[in-house]
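So you can see what is in the structure, the chains are spelled out below.
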Amino acid sequence: MQYSVLVFDWDGTLMDSTPSIVTAIQNACRDLDLPVPPASSASWVIGLSLDTALSKVVPDLPPSLLPRFIERYRIHYLLRDPDLRLFEGVPELLAQWGGQGVRLAVATGKSRAGLDRVIRGFGLEGVFEATRCADETHSKPHPAMLNELMDELMVPPEEVLMIGDTSHDMRMANNAGVHGLGVTYGAHPLPELLAGEPLHVVDSVSAMRDWIQPRLRA
């Protein structure tokens, strides 16, 4: 295994945003007098496109209320925005691999506007060579995000590693014919993550670095 491209999920993998997403979903439900899902259900849908996630976690949401729900979700999420942080060690790790010539990319359930906003907010402009968002293509676990990234970067599947914190990420990797590295510090508990059949699982950013570094082609 010699990887030349590392594709990262964002929420729960690079950024510690799982609690904010869960709280925003739950509070939006309260605002609209809908059944409030437990945290385990709300965290399970993280990584999916928002429309896909809501169809699973808020099945009683009528289509007529979808725009209102999304509005309330975004308000609650943005209220917690000042508290959002990258996981400890992530900025240094991205800088290290970028300096080594490793090609970095993102495949995320965030919207394009949301991803661009956090990339600017953390000063990561120019770090990622290519990115794909859920409002630009098919939602995970469909392989489209990875297939499009591989086409754009002109790289074969055997040189790509997908890193993510959910079974959706791992299933997307398998569907695209690339290896998946699961991280246990994000949205999905270990049993659910393993259900996505990752190649390997790590429990920290430092363990991610130690596993990936000797397997890099750069």
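Source: prediction; values computed, not measured. (Residues numbered from 1 in each chain as written. Predicted model: local features only at pLDDT ≥ 70, side-chain atom pairs only at ≥ 80, totals over all residues. Heavy atoms only, no water.)

### Some words on the sheet that holds strand β4 (residues 160-164)
Spatially, 6 strands are ordered β3-β2-β1-β4-β5-β6 in an open sheet, and the strand pairing comes out parallel. Edge positions in the open sheet fall to β3 (130-133) and β6 (200-202), since each of these has one partner strand only. Taken over all neighbouring pairs, the strand axes of this sheet differ in orientation by 20 degrees on average, direction set aside. Pairing of strand β1 (residues 5-8) with strand β2 (residues 103-108) involves 4 bridges; the strand directions are parallel. Note that in β2 the partner of Leu6 across the bridge is Leu104. The strands touched by helix α7 (residues 144-153) within the sheet are β1, β2, β3 and β4, with β3 carrying the most contacts at an inclination of about 155 degrees. (Pairing = 2+ DSSP bridges. Helix = DSSP H or I, 4+ residues; strand = E, 2+ residues; numbered from the N terminus. Axes fitted to C-alpha atoms, helices over the stretch in contact; angles between N-to-C directions. Contact = heavy atoms within 4.5 Å.)

### Considerations on the nonpolar core
Counting 54 residues, the largest nonpolar core has Leu6 and Trp10 as the members making the most contacts within it. Considering each element in turn, this core owes the most residues, 6 residues, to helix α1 (residues 18-31). One finds Val5, Ala130, Val160 and Met162 within the second-largest nonpolar core, a separate group that totals 18 residues. (Core = buried A, V, L, I, M, F, W, Y, C linked by side-chain atoms within 4.5 Å. Buried < 20%, exposed > 50% of the residue type's maximum accessible area, 1.4 Å probe, protein only.)

### A short note on the packing of α1 against helix α4 (residues 66-79)
Where α1 meets α4, the axes come as close as 8 Å, and the angle between the chain directions of the two elements is 135 degrees. As the angle between them shows, α1 and α4 are arranged oblique. Every pair of crossing elements has a handedness; the one defined by α1 and α4 is right-handed. Residues Ser20, Ile21, Ala24, Ile25, Asn27, Ala28, Cys29 and Asp31 of α1 form the contact with α4, whose own contacting residues are Phe69, Arg72, Tyr73, His76 and Tyr77. Looking at the contact of α1 with α4 residue by residue, the classes come out as 8 nonpolar, 3 polar and 2 charged. (Parallel < 35°, antiparallel > 145°, perpendicular 65-115°, else oblique. Left-handed = near helix turned anticlockwise from the far one by under 90°. Nonpolar A, V, L, I, M, F, W, Y, C, P; charged D, E, K, R; others polar.)

### Digging into the layout of surface pockets
Within this model, the largest pocket holds a volume of roughly 580 Å³. Along its surface, the largest pocket is lined by 26 residues, and Leu50, Tyr73, Gly109, Lys110 and Ser111 are the ones closest to its centre. Broken down by secondary-structure element, the contributors of at least two residues to the lining of the largest pocket are α1, α3 (50-57), α4 and α6 (112-121). Here the element with the most residues in the lining of the largest pocket is α4; it accounts for 5 residues. Tallied by class, residues from the lining of the largest pocket come to 13 nonpolar, 6 polar and 7 charged. (1 Å grid on protein atoms, 1.4 Å probe; cavity = no way out; pocket = protein on both sides within 12 Å on 5 of 7 lines; lining within 4 Å. Points joined across faces, edges and corners; volume = space filled by probe spheres on them.)

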